[in-house]
Amino acid sequence: MKDALEKTDLKNLSPTELEGFIAMFGKERYRSVQALRWLYRRGVRSVDEMSNLSKKFREQLNQAGRISTLQSIRIEEDRDGTKKFLLGLEDGNRIESVLIPDKSRLTLCVSTQVGCGLGCRFCLTGKMGWKRNLSVSEIVNQILAVREHLSGKSPITNIVLMGMGEPLANYVNTLKAIELMAHPDGFGFSSRRITLSTAGLLPGLEKLLNEKIRFRLAVSLNAADEETRSRLMPVNRRYPMKRVLDVLRNFPLKRRARITFEYVMVEGVNDSPRDAKRLIPLLKGIPSKINLIPLNEAPEIPFRRPSEERVREFQEILMKAGLTAIVRTSKGINISAACGQLQGRALCP
Ligand code: SAH
Ligand code: SF4
């Protein structure tokens, strides 16, 4: 029998790869549908729980494959209902996922990397630097770990890939994980309920042009001119905003679909009426909406959050120009679970 770590982690396989893996044992196609359902609909922790598969087949699966899980290390709950899950990976690294209740929605924010290499100056994950990419199983296991904690009470309705890391810097694994989220025999989330947020990695965005997109796209803009954006997001020097917006202008969007632009508002840096006015022509020709996120402050971050009036004024300028702009105050601030506050560390031992 193979050593546990030599075995194939079944959750690292896309639906098509799982089919190929199972075909190695000469099994019919519907076996892989059954396995998918056991893995993601039921969330089994061992092959032996797959009770409608023959004993022989389970033995074969056990010999070549294994089912990984994440260790739930700590769960913190904010007064506003937001929960932050600190999860342990097999190599000892830690990541965070955040569960956000909002009216009829229950959104899970998942991580795609340990840390992030893009170093945006307002983001604590950026301060950590990049440690490594998450595997497909580590991405989807976040959903399973949180679902297990909810124990069937209220189902997760939406997934946002907005936790630690830059999803398009971990392109292959992220897209495979999304495939499992959207597959009818996998998690079965409608593609309207999966959102990928990117800092605008141009090569990744260009690759997406050739894919079947099974998610909504959000792009972190955070400035209305190149210089300010480069100051806040060093990645802009490599992939300037203008080129990113040009690609987005050609993005194959389904009818009525829109791209979300995220705009973290930073006092005295990108929050002036002039910035708002500059945004208007930039976004011309891109079906979009803008989420204005007042900065979440932290001692390590050298910026401040603008006043509410300043944010409203900015929003009104955009709305008067016919754009959709929504102010999003992050939830989970009291437990450092809000946007840009994830660091993968336990607050207490
Ligand atoms: N790397 C991806 C996804 C993770 S960051 C991206 O940058 O889009 C998710 C969102 O959190 C981004 O829109 C980012 O701009 C925002 N964010 C980061 N730090 C923040 C902070 N301190 N306050 C508010 N939003 C922040
Ligand atoms: Fe990375 Fe996104 Fe944070 Fe920038 S905002 S450092 S891209 S996680």
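Residues numbered from 1 in each chain as written. Chains lettered and ligands numbered in written order. Predicted model: local features only at pLDDT ≥ 70, side-chain atom pairs only at ≥ 80, totals over all residues. Heavy atoms only, no water.

Caption draft 1: A look at the nonpolar core. Membership of the largest hydrophobic core comes to 111 residues, with the highest contact counts inside it found for F122, M181, L208, L248 and F261. Looking at which element gives the most residues to this core, the answer is helix α5 (residues 136–150), with eight residues. When residues of this core are sorted by domain, at least three fall in each of domain 1 (4–66) and domain 2 (71–335). Apart from the residues within four sequence positions on either side, F122 is in contact with N222, L232, M233, V264, L295, I301 and F303. (Core = buried A, V, L, I, M, F, W, Y, C linked by side-chain atoms within 4.5 Å. Buried < 20%, exposed > 50% of the residue type's maximum accessible area, 1.4 Å probe, protein only. Helix = DSSP H or I, 4+ residues; strand = E, 2+ residues; numbered from the N terminus. Domains from an automatic or database assignment. Contact = heavy atoms within 4.5 Å.)

Caption draft 2: View of the domain arrangement of the protein. Domain assignment breaks the protein into domain 1 (4–66) and domain 2 (71–335). One C-alpha centre belongs to domain 1, the other to domain 2, and the line joining them spans 33 Å. Counting from both sides, the interface comprises 19 residues of domain 1 and, opposite them, 17 residues of domain 2. Surface buried jointly by domain 1 and domain 2 totals about 1,400 Å² across both partners, of which 47% is contributed by carbon and sulfur atoms. If you look at where domain 1 meets domain 2, you find five salt bridges. For E90, the salt bridge identified is with R66, shortest N-O distance 3.0 Å. (Buried area = accessible area lost by both parts, 1.4 Å probe. Salt bridge = Lys/Arg side-chain N within 4 Å of Asp/Glu carboxyl O.)

Caption draft 3: Here's a closer look at the site of ligand 1. Among the 18 residues in the neighbourhood of ligand 1, the closest are listed as F122, G165, S197, S220 and N296. For ligand 1, a nitrogen atom lies 2.8 Å from a polar atom in the backbone of F122. N296 is positioned with one of its backbone polar atoms (N or O) 2.9 Å from a nitrogen atom of ligand 1. Elements represented by at least two residues in the shell around ligand 1 include exactly β10 (194–198) and β12 (259–265). (Near = heavy atom within 4 Å. Polar contact = N/O pair within 3.5 Å; in protein donor to acceptor, adjacent residues only side chain to side chain.)

Caption draft 4: Expanded view of the pattern of salt bridges. Under the counting rule described, the total for this entry stands at 16 salt bridges. The partner of E28 in a salt bridge is R31, and the shortest N-O contact between them spans 3.7 Å. Across the pair R132 and D91 runs a salt bridge, and its minimum N-O distance is 2.7 Å. Of the two residues, R132 sits in strand β8 (residues 130–133) while D91 sits in the loop between β4 (83–88) and β5 (94–102), which places them 41 residues apart along the sequence.

Caption draft 5: Up close: the pairing of strand β11 (residues 216–220). Burial runs high along β11: four of the five residues are buried. Here β10 runs beside β11; their pairing, made up of four bridges, is parallel. Each residue of the ladder has a partner; that of L196, found in β11, is L217. Taken together, β10, helix α7 (residues 202–208) and β11 form a β-α-β motif whose crossover is right-handed. Both β11 and β12 contribute to a ladder of three bridges, which runs parallel. Within the sheet, the bridge partner assigned to V219 lies in β12 and is F261. (Pairing = 2+ DSSP bridges. Right-handed = clockwise from strand over helix to strand, strands pointing away.)

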